[in-house]
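# Summary of structural features
If you want the building blocks of each chain, they are given just below.
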Amino acid sequence: MVELKGYGYAYPGTEDPILRDVDLRIGAGECHCLTGATGSGKTTLALALKGLLGAGTQTGGIRFAAASGGADPTVGLVLQNPETQLFATSVGEEVAFALENRGVAPEQMVAKVRVALQAVGLDVPLDARVSSLSMGQKYRVLIASVLVMEPGLLILDEPAAQLDSRGLDELRLVLHGLAREGTALLLCEHRSQAFQGLVDSYWHLDGHGRLQRGEADPLTPSPSAERAASRQRPALARAEAVRSESLAAGAGFDTPLWAGASFALEAGQRILVQGPNGAGKTTLLRMLAGLDAPREGELRVLGRKPSLKTLRGRIGFLFQNPQRQLFEDRVIDEVAFALKRRGVSAEERRARVAAILEQCGILDLSQRSPHTLSFGQKHLVALASVLVSDPELLLLDDPFAGLDAHCRNAAWRALMDWRGHSTKTLVWTSHHTGDGPVTADVLLTVEGGRIACRLLRK
Amino acid sequence: MPVGYFGNSFRDQRDGRSARTPSASRLPVWASLGLSLLLACLAVALRAPWTLAALAGVNLLYLVLCRVGCGLLRKAMRGLVWQTAILLGLHCLRFGAEGVYPALRVSSQLFLAFLPGMIFLASTGRSELVRLASGVLPPTGAFVLGASLHFVPLLVREVKGIYHAQVLRGARILPIDIFKPWCWPDWVGCLIVPSTVQALAMAGEIAMAARARDFGACRHRTCWPGNALRPDPEREP
């Protein structure tokens, strides 16, 4: 189907190639998984196969086997963020986007769109709102919108990052079906284990642009991180951090997102909020931070009714994609910002910033611009900038999404160090089951309009 | 592969609400655009209270014809209340009690000038907008216009996210801080700069996603048939 021979690529303005001497052959119906740290060149390789790399230095070559009509087979590419790839309001219009771009007659579009939707198992009206679909369904719409081009090779960039367990199960079924029908698949994925059983070959980009044979890596936090966590767990958890009575979320006249949530969380606990996409995990976190008001019920956070005014300076919140909040020219200034605003002296600021950067394993980056760092490094800078103010309650919204194993472990270690000798409360969300129960004290499960609270450890 | 084999088909959506696209207007798109422009122009030209009241009635009729839900009207009314309060305050400050009538009139005119455009945008799908714009713009320009409108809510969400993150980090950008000149650097550094960077990054991602689906491959783009597909709702099961 496609063969790369000695392929290399360097972005304009850089002499160091991001890909070097890459040899890869993907046959029809095969599924290959490409792993590697963030910034190692996985997306670059995907863009190269799709022919979307701009000016830069290319070496070696990419050769496509001719399709039945004699032309090169089409390459379909689904990028990482579904939100910036959904152009239309209705499902039919979204799937037909590529057909519009190819100048296909409108009367031929409907049949092609229906075939593509059937291939991904989506039974929705063509005028259904894209925004009303679950994340898993949206992802399948995106795959359908690429399948409509009848690609010989389908490339998915980080498909597991956005999907919950159900969405992943659905995607696996779709990909199995496509591989059976002869479509070649290339998955660029940190969570390589998510597609075990489907993948024929694993490949690993080593961070220096070289492609090597790889294998599925484990998903759970490393045993050493877990051992460190157990060692540093405080002996007792005491004061009440959060109390919720019959809490409900949701705006307007719609059915509440969830309701009847009553739970109490103690200071010093590690709380994992788990549930599928769209269940209301982020909404719960936003309520705890005082950003959204409850629809019903009573909520006390750190002994007060939560609001920006009452909790400012006492809580830390790391949003999804926290890299977007970075704005200073140097990492050291970025991390020091919160302390500067609190009037902490320059000397103390320097000491605290150095300590937190070391804790996060990024002390060597202190003089670099945050904007030139890799995705994972930016994530760690954002985490350091929240941890440095030593909040009483730390809220993390899907903090490990899109992070490679190295950055995930570094972030986790930094969090455990931060909590180690204190009664700081940590709340984090995840849509992947199995990501955290081993390390959490309390599990809040948000599903089906309810929140269930389970104590995992005393 | 059987259709809907995942068992999470469209009708199983949360709370069972209908989730069809909004473009069910009883008016053709060109007529809706013409009417919204006319109503907006009339709002600027008319001044007498009874004419403005009549114009408000016509706007309501337009809203019903476009089958736009009450949510839009609720949002617009909330804006009207704030706008009227600000205008009343400023006029009374400058003219005293004599400023009340002009303030109410200007507020109503502004509201009625923007309402038809809001109704038009809420009732018109992207493909219809693009089709309409294709008449006067090249296909690429028409697509860019449609995509820009489509991604505005996403950008607003992103900016809100940045705002909240920065406030919690201690940035002095609460509404009250706008009146403190020494806080203005925070507005620029913590909100405007990251929001601009985010907007540019988003634009890059959107352009890449469009090219990945062959945007720009063909000079003559066609357009999804849109409402021509819509079955008669009364005949639907």
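Residues numbered from 1 in each chain as written. Chains lettered and ligands numbered in written order. Predicted model: local features only at pLDDT ≥ 70, side-chain atom pairs only at ≥ 80, totals over all residues.

This part covers the overall build of chain B. Within chain B, the regular secondary structure consists of seven helices and zero strands. Start at the N end of chain B and walk to the C end: the helices and strands fall as α-α-α-α-α-α-α. For chain B, buried positions account for 26% of its 237 residues. Looking at chain B alone, contacts between residues at least 24 apart form 67% of all its contacts between residues at least 6 apart. (Helix = DSSP H or I, 4+ residues; strand = E, 2+ residues; numbered from the N terminus. Buried ≥ 20, exposed ≤ 12 C-beta atoms within 10 Å, placed from the backbone. Contact = placed C-beta atoms within 7 Å.)

With that out of the way, let us pick up the overall build of chain A. Within chain A, the secondary structure is distributed over 13 helices and 18 strands. Across its three principal axes, chain A shows a C-alpha extent of roughly 70 × 55 × 35 Å. A fraction of 74% describes how many contacts in chain A between residues 6 or more apart in sequence connect residues 24 or more apart.

Below, the discussion takes up the interface of chain B and chain A. Every contact between the two is made by 55 residues of chain B and, on the other side, 62 residues of chain A. For the side of chain B that touches chain A, the secondary-structure elements that each account for two or more residues are α5 (126–134), α6 (139–169) and α7 (184–212) of chain B. When grouped by side-chain class, the residues that make up the side of chain B that touches chain A number 28 nonpolar, 16 polar and eleven charged. (Nonpolar A, V, L, I, M, F, W, Y, C, P; charged D, E, K, R; others polar.)

What follows deals with the sheet that holds strand β11 (residues 258–266) of chain A. Residue and element names in this part refer to chain A. The three strands lie next to each other as β11-β10-β13, forming an open sheet whose pairing is antiparallel. A strand with exactly one partner marks an edge of an open sheet, and here the two such strands are β11 and β13 (296–301). Neighbouring strand axes in the sheet, compared pairwise and without regard to direction, differ in orientation by 10 degrees on average. Across the face of the sheet, helix α8 (residues 281–288) comes into contact with β10 (240–249) and β13 while running at roughly 125 degrees to β10. (Pairing = 2+ DSSP bridges. Axes fitted to C-alpha atoms, helices over the stretch in contact; angles between N-to-C directions.)

Here we come to the confidence of the model for chain A. Note: predicted coordinates in regions of low pLDDT should not be interpreted at a detailed level. For chain A, per-residue confidence averages 85 on the pLDDT scale, and residues scoring 70 or more make up 91% of the total. Below a pLDDT of 50 lies the segment residues 219–235 of chain A, which in the model reaches 24 contacts outside its immediate sequence neighbourhood of four places, other chains included. (pLDDT = per-residue confidence, 0-100.)

For the rest of this paragraph, the subject is unusual backbone geometry. Residue and element names in this part refer to chain A. Of note, asparagine 321 is a non-glycine position whose phi angle comes to about 50 degrees, a positive value. Tracing the sequence through the fold places asparagine 321 in the loop between β14 (315–318) and α10 (331–341). By C-beta crowding, asparagine 321 is classed as partly exposed, having 19 other C-beta atoms within 10 Å. Even without a glycine there, the phi angle at aspartate 398 is positive, about 45 degrees. In this structure, aspartate 398 sits in the loop between β15 (393–396) and α13 (405–420).

All names here are of chain A. With respect to topology, six strands assemble into an open sheet ordered β5-β6-β7-β3-β8-β9, the strand pairing being mixed. Pairing within the sheet leaves two strands with one partner each, and these edge strands are β5 (75–78) and β9 (211–213). Ignoring which end each strand starts from, the neighbouring axes of this sheet average 20 degrees apart. For β5 and strand β6 (residues 153–157), the ladder comprises four bridges, and the chain directions are parallel. Counterpart to leucine 77 in the pairing with β6 is isoleucine 155. Sitting on the sheet, helix α1 (residues 42–50) touches β3 (31–36), β5, β6, β7 (184–188) and β8 (201–205), and the angle it makes with β6 is about 150 degrees. Docked against the sheet, helix α5 (residues 135–147) engages β5 and β6, running at close to 160 degrees with respect to β5.

Another aspect to go through is the environment of Cys31(A). Residue and element names in this part refer to chain A. Checked against the element boundaries, cysteine 31 lands in strand β3. When the 21 C-beta atoms within 10 Å are taken as the criterion, cysteine 31 is described as buried. Separated by 120 residues in the primary sequence, cysteine 31 and proline 151 have C-alpha atoms spaced 14 Å apart. Setting aside anything within four residues of it in sequence, one finds cysteine 31 in contact with Leu175, Ala179, Leu185, Leu187, Leu198, Val199 and Asp200.

In this section: the packing of helix α2 (residues 49–65) of chain B against helix α4 (residues 100–123) of chain B. Residues and elements named next belong to chain B. At their nearest, the axes of α2 and α4 sit 10 Å apart, and the two run at 15 degrees to each other. Overall, the two elements α2 and α4 adopt an arrangement that is roughly parallel. Crossing hand, α2 versus α4: left-handed. Together, Leu52, Leu55, Ala56, Asn59, Tyr62 and Leu63 of α2 and Ser108, Gln109, Leu112, Leu115, Pro116 and Ile119 of α4 make up the contact between the two elements. In terms of residue class, the contact of α2 with α4 is built from nine nonpolar, three polar and no charged. (Parallel < 35°, antiparallel > 145°, perpendicular 65-115°, else oblique. Left-handed = near helix turned anticlockwise from the far one by under 90°.)

The next thing to look at is the domain arrangement of chain B. It is common to give the size of an interface as the accessible area that goes away when the parts come together. Residues and elements named next belong to chain B. Domain assignment breaks chain B into domain 1 (1–12 + 126–230) and domain 2 (23–124). For domain 1 versus domain 2, the distance between C-alpha centres works out to 26 Å. Between domain 1 and domain 2, the contact holds six residues from the first and six residues from the second. Looking at the side of domain 1 that touches domain 2, its residues break down into three nonpolar, two polar and one charged. (Domains from an automatic or database assignment.)

Time to look at the confidence of the model for chain B. Residue and element names in this part refer to chain B. When pLDDT is averaged along chain B, the result is 81, and 84% of the positions lie at 70 or above. When pLDDT is averaged over each helix and strand of chain B, the minimum, 75, is found for α5 and the maximum, 92, for α2. Within the model, pLDDT remains below 50 along residues 1–18, and this stretch shows 22 contacts once partners closer than five positions in the same chain are excluded.

Along its 29 residues, α7(B) runs 41 Å from first to last C-alpha, staying within 8% of the 42 Å computed at 1.5 Å per residue. The principal kink in α7(B), of about 30 degrees, is found at Ile192(B), preceding the proline Pro194(B) by one to four residues. Those residues of α7(B) not exposed but buried are Asp186(B), Cys190(B), Pro194(B), Ile206(B), Ala209(B), Ala210(B) and Ala212(B). Next to the buried residues of α7(B) lie α1 and β5 of chain A together with α6 of chain B. (Expected span 1.5 Å × (residues − 1). Bend = angle between axes of the 7 residues up to and from the residue.)

Glancing now at the environment of Gly214(A). Residue and element names in this part refer to chain A. Positionally, glycine 214 belongs in the loop between β9 and α7 (223–231). For the pair glycine 214 and threonine 35, spaced 179 residues apart in the sequence, the C-alpha separation amounts to 7.6 Å. Apart from residues no more than four positions distant in its own chain, glycine 214 is found in contact with Thr35, Tyr202, Trp203 and His204.

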